[in-house]
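What follows is the residue order along each chain.
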Amino acid sequence: MTTIAFDLDGTLIDSVPHIHHAVALALAELDLPTITVQETPGFVGRGLPILCERVLAHIGADAALQQALYDRTMVHYVHTPSDPSQLYPGALAALDALKAAGHRLTLCTNKPFAATETALRDIGLTSYFDVVLGGDSLETRKPAPQMLFAALDGSDPAQALYIGDSETDCETAQAAGIRFVLYTEGYRKSPPEALPHVAQFSHWDALPDIVARLC
C-alpha cells in the first residue's frame, strides 16, 4: 500500500470559476475594481492570503485591505456551492481505481480548510481521503514541507507520491523528499520540463497505470 497525497485546485478540480466568483463578489462589496476569470489563475497557488495580496497589487488597491478582502472572500468561498462539473475528466474513476488497489489517499492543499471541506462535500470527494489538510490547518503552508509530511500521517516519505499541477506543488515535494507526479492541465506557469517529476499525465485515465509502475 502506498500513501498518495493530492493537491486540490488545478489538480483534482478546476476551481478558477469558483475562486473568481468569490473574489469578484468580495471586491464589489469593498467598492474595488474587479478581476477577470482569465486573470485568476495567475493569483492561485500559495493560499488565499497571498491570492488576496496579489489581487490588491494587480488592481492597484491599498495593501492594508488584504484582511478585509480575505474575510469577505472566505464568506463567499465557503457558502457558494462548488459545481461537480469542476472535477477534471477521469479523476473520479482514477481515485476509485487507486482505492481499489489498496492505496491510501490524502489531500494537501493551500485552499483554506473550511472551503476545502465544502468543495469536497459538494463534488462528492469527502469519502476518498483519509487525511485532509488545508492552507490554514498548520502554521505553515506549501511550499513548506510540513503540510505534506502531516498528510502522510506517518507513512514513509520515500515510498509516497504527491500528485500536483503547479510550481508550488513541485517545490513542496522537493522540500519533503517525496516523488512528484505532475498533472499538466492545471495552473502551472512553467513548462513541464522545468518542474522535476518522476512522471506526468494530461488525463486522469493514465494515473492508475503510472502509480502501478512507480509502486
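Rules used throughout
- Residues numbered from 1 in each chain as written.
- Predicted model: local features only at pLDDT ≥ 70, side-chain atom pairs only at ≥ 80, totals over all residues.
- Heavy atoms only, no water.
- Helix = DSSP H or I, 4+ residues; strand = E, 2+ residues; numbered from the N terminus.
- Rg over C-alpha atoms; globule rule 2.2 N^0.38 Å.
- Contact = heavy atoms within 4.5 Å.
- Axes fitted to C-alpha atoms, helices over the stretch in contact; angles between N-to-C directions.
- Parallel < 35°, antiparallel > 145°, perpendicular 65-115°, else oblique.
- Left-handed = near helix turned anticlockwise from the far one by under 90°.
- Nonpolar A, V, L, I, M, F, W, Y, C, P; charged D, E, K, R; others polar.
- Phe/Tyr/Trp six-rings, centres within 6.5 Å; stacked < 30°, edge-to-face > 60°.
- Buried < 20%, exposed > 50% of the residue type's maximum accessible area, 1.4 Å probe, protein only.
- Disulfide = S-S within 2.5 Å.
- Pairing = 2+ DSSP bridges.
- 1 Å grid on protein atoms, 1.4 Å probe; cavity = no way out; pocket = protein on both sides within 12 Å on 5 of 7 lines; lining within 4 Å.
- Points joined across faces, edges and corners; volume = space filled by probe spheres on them.

## Considering the overall build of the protein chain
Next, step 1: Scanning the protein chain for helices and strands turns up eight helices and six strands.
Next, step 2: Element order for the protein chain, N to C, with α for helix and β for strand: β-α-α-α-α-β-α-β-α-β-α-β-β-α.
Next, step 3: Over its C-alpha trace the protein chain gives a radius of gyration of 17 Å, about what one expects of a compact globule, namely 17 Å for 215 residues.
Next, step 4: In terms of its C-alpha atoms, the protein chain occupies a principal-axis envelope of roughly 50 × 30 × 30 Å.

## Observations regarding the environment of P112
Next, step 1: You can see P112 is positioned in the loop between β2 (104-108) and α5 (113-123).
Next, step 2: Residues P112 and G47 lie 65 residues apart in sequence; the distance between their C-alpha atoms is 7.3 Å.
Next, step 3: Not counting residues up to four positions away in its chain, the partners in contact with P112 are L48, Y70, M74, Y77, G135 and D136.

## Looking at the packing of helix α2 (residues 48-59) against helix α3 (residues 66-79)
Next, step 1: One way to put it is that α2 packs onto α3 with a least axis distance of 9 Å and a crossing angle of 120 degrees. Classified by the angle between their axes, α2 and α3 sit oblique to one another. Between α2 and α3 lies a crossing of right-handed hand. Along the contact surface, α2 presents L48, P49, I50, C52, E53, V55 and L56, while α3 presents Q66, L69, Y70, T73, M74 and Y77.
Next, step 2: Of the residues in the contact of α2 with α3, the class split is ten nonpolar, two polar and one charged.

## What to know about the packing of aromatic side chains
Next, step 1: As enumerated under the stated definition, the model contains seven aromatic pairs in all.
Next, step 2: Centroid distance F6 to W204: 6.1 Å. Interplanar angle 25 degrees. Geometry classified as stacked. Highlighted residues: F6 in strand β1 (residues 3-6) and W204 in the loop between β6 (199-201) and α8 (207-214), separated in sequence by 198 residues. In terms of burial, F6 and W204 fall into one category: buried.
Next, step 3: Site record: aromatic cluster; members linked through ring pairs are F6, Y88, F129, Y183, F201 and W204.

## With respect to the state of the cysteines
Next, step 1: Going through the model one piece at a time under the given rule, you end up with zero disulfides.
Next, step 2: You can see C108 has no disulfide; the closest cysteine sulfur is in C170, sitting 14 Å from it.
Next, step 3: By relative accessible area, C108 is classed as buried at 0%.
Next, step 4: With relative accessibility at 3%, the residue C170 sits in the buried group.

## Details of the sheet that holds strand β3 (residues 131-133)
Whenever strands of a sheet pair, they do so through backbone hydrogen bonds, lying parallel or antiparallel.
Next, step 1: Spatial ordering of the open sheet is given by β3-β2-β1-β4-β5-β6, a layout of six strands whose pairing is parallel. Unpaired on one side and paired on the other, β3 and β6 mark the two borders of the sheet. Strand-to-strand twist across the sheet, computed as the mean angle between neighbouring axes with direction ignored, equals 20 degrees.
Next, step 2: The pairing of β1 with strand β4 (residues 161-164) spans three bridges and is classified as parallel. When the sheet's bridge partners are listed, A5 is paired in β4 with Y162.

## Some thoughts on the environment of L125
Next, step 1: Relative to the elements of secondary structure, L125 occurs in the loop between α5 and β3.
Next, step 2: Through-space distance from the C-alpha of L125 to that of P84 is 9.7 Å; in sequence the pair is 41 residues apart.
Next, step 3: If sequence neighbours within four positions are ignored, L125 has contacts with L87, L92, L95 and L120.

## A few points about the layout of surface pockets
Next, step 1: Within this model, the largest pocket holds a volume of roughly 300 Å³.
Next, step 2: Together, 24 residues line the largest pocket, and V44, G45, R46, G47 and N110 are the ones closest to its centre.
Next, step 3: Taken together, the elements giving at least two residues each to the lining of the largest pocket come down to α2 and α7 (167-176).
Next, step 4: Among the residues making up the lining of the largest pocket, the classes are represented as eight nonpolar, six polar and ten charged.

## Describing unusual backbone geometry
Next, step 1: The linkage connecting K142 with the following residue, P143, adopts the cis geometry, with an omega of 15 degrees.
Next, step 2: Inspection of the secondary structure assignment puts P143 in the loop between β3 and α6 (146-152).
Next, step 3: With a phi close to 55 degrees, D31 is a non-glycine residue in the positive phi region.
Next, step 4: Within the secondary structure, D31 is located in the loop between α1 (16-29) and α2.
Next, step 5: With a phi close to 50 degrees, D153 is a non-glycine residue in the positive phi region.

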